[in-house]
Amino acid sequence: MNFNFFAPINDLGYGVAGLNILKSMVRLGHTVSYWQIGQPVAHTQEDAQLVQSCINNCHSFDYNAPSIKLWHQHDMGQQIGSGKRVGFPVFELDKFSNVEKHNLSSLDSIIVCSEWAKAIVESEVPGSDVHVAPLGVDTSIFCPQQKEKEGPTVFLNVGKWEIRKGHDILFEAFNNAFTKDDNVELWMMNHNPFLDERQESEWHGLYLNSELGDKVKIIPRVETHSEVAQIMQQADIGVFPSRAEGWNLEALEMMSMGKYVILTNYSAHTEFATDINSKLIHIDDTEEAHDGIWFHGQGEWASFGDSQMEQLVSHMRTLHELNESTNNRNERGIITAQKFSWENCVEKIIGSVQ
């Protein structure tokens with residue numbers, strides 16, 4: 001098939017998904033005219049050549065082909081040609097603004113990456129033609145490898161600094177779970193390009209100046225997926241106490257590498273996270289989403305109270321004990337991740353536009 005594909009390509013969530021979907025479309029034999037959102041950033045020559053080839057296809061684009069836009073739900077108006085108009089938004093909250101509803105209502109079809117998101121679209125934009133295409137993981141990069149058992153139990157969190165991601169409570173949980181005598185470390189790889197130097201420094205201080213700050217490492221930003229995988233390989237457990245997620249790719253990547261993960265039982269990552277393959281923090285209620293920067297009460301996210309903190313602390317202690325006594329390999333997580341390939345994502349996309 002021919003496709004007109006709008007997406008960013010960079011190191012952020014949309015950009016990572018955009019590149020992997022584009023590559024999988026081409027690998028599956030489709031002709032893609034790639035319409036840029038921002039300046040594409042590809043870190044390998046092979047990826048750069050593929051992206052440029054798809055950009056060149058725009059000179060003779062098929063104006064009858066489906067137009068698929070992987071982007072925010074408030075900006076779906078710009079499409080190309082006269083083919084089917086499809087939007088693929090990735091969102092974290094359960095309510096849309098009037099502008100978002102207007103943009104989504106203009107589409108012929110809407111693709112989302114989870115059943116949780118599908119239910120929200122069907123409730124907020126009744127009558128929409130909604131399809132689920134779960135995002136994927138590159139198992140050739142994020143693959144299980146044997147890790148030496150020497151050294152501390154390393155908990156790792158990846159994802160830009162945000163209250164939404166639970167970064168305001170994770171350091172507290174780490175301090176509650178362990179003492180200075182416990183052989184543990186908490187690694188935080190959380191660069192946020194939208195924050196200024198002062199805001200980044202405040203987040204760093206929250207962790208490094210805490211009671212167990214000498215057991216915390218702030219990991220600098222890396223450029224390639226292979227470098228991310230190398231850091232994940234050195235860790236033992238992924239910890240993601242998010243209030244809401246549009247997908248949570250880093251958690252799936254760690255599962256793919258055989259790592260145990262701790263996750264809230266809410267929002268889009270419930271598409272792949274279960275009590276069988278993860279340690280889930282069960283949520284009692286939701287609350288208005290406020291962080292004073294990006295979220296101002298438009299929708300709701302998981303409420304994180306005393307019960308949730310107790311569950312998080314308990315899970316961290318349990319997995320530390322497991323890591324000290326066994327090889328701590330999450331076989332069920334590996335099996336789960338194998339079901340979520342980028343090729344499967346593209347096949348779901350194709351099924352939604354035919």
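About the criteria used
Residues numbered from 1 in each chain as written. Predicted model: local features only at pLDDT ≥ 70, side-chain atom pairs only at ≥ 80, totals over all residues. Heavy atoms only, no water. Pairing = 2+ DSSP bridges. Helix = DSSP H or I, 4+ residues; strand = E, 2+ residues; numbered from the N terminus. Axes fitted to C-alpha atoms, helices over the stretch in contact; angles between N-to-C directions. Contact = heavy atoms within 4.5 Å. Buried < 20%, exposed > 50% of the residue type's maximum accessible area, 1.4 Å probe, protein only. Arc of directions from axis to C-beta. Phe/Tyr/Trp six-rings, centres within 6.5 Å; stacked < 30°, edge-to-face > 60°. Lys NZ or Arg CZ within 6 Å of the ring centre and 35° of its normal.

**Q** What is the right way to read the sheet that holds strand E12 (residues 279-281) from this model?
**A** Within a sheet, neighbouring strands are paired by backbone hydrogen bonds and run either parallel or antiparallel to one another. A sheet is described by the order of its strands in space; here 6 strands give the open sequence E9-E8-E7-E10-E11-E12, paired in parallel fashion. Edge positions in the sheet fall to strand E9 (216-218) and E12, since each has one partner strand and no second. Ignoring strand direction, the axes of neighbouring strands in this sheet form an average angle of 20 degrees. In the packing of helix H5 (residues 167-177) onto the sheet, contacts are made with strand E7 (153-158), strand E8 (184-189), E9 and strand E10 (237-240), and the angle to E8 comes to roughly 170 degrees.

**Q** What exactly am I supposed to notice about helix H4 (residues 115-124) here?
**A** Residue pairs three or four apart in sequence face the same way in an α-helix, which turns once every 3.6 residues. Taken residue by residue, H4 has Trp-116, Ala-117, Ile-120, Val-121 and Glu-124 as its buried positions. End-on, the buried residues of H4 take up no more than an arc of 135 degrees, which puts them together on one face. Along its buried surface, H4 packs onto helix H3 (98-105), strand E5 (109-112) and strand E6 (130-132).

**Q** Even after reading the chapter, I still don't get the packing of aromatic side chains, so can you show me in this structure?
**A** Aromatic ring pairs: the centre-centre distance and the angle between the two ring planes describe each pair. In total, this model carries 16 aromatic pairs according to the counting rule given. Here Trp-161 and Trp-203 contribute two aromatic rings whose centre-to-centre distance is 5.3 Å and whose plane-to-plane angle is 10 degrees, an arrangement assigned as stacked. Within this pair, whereas Trp-161 is found in the loop between E7 and H5, its partner Trp-203 is found in helix H6 (residues 197-208), the two being separated by 42 residues in sequence. Using a relative accessible area of 1% as the deciding quantity, one classes Trp-161 as buried. Taking relative accessible area as the criterion, Trp-203 reaches 14% and is therefore assigned buried. Aromatic ring contacts, followed pair by pair, group Phe-6, Trp-35, Phe-61 and Tyr-63 into a single cluster. Sitting over the ring of Phe-6, Lys-69 keeps its end group 5.9 Å from the ring centre.

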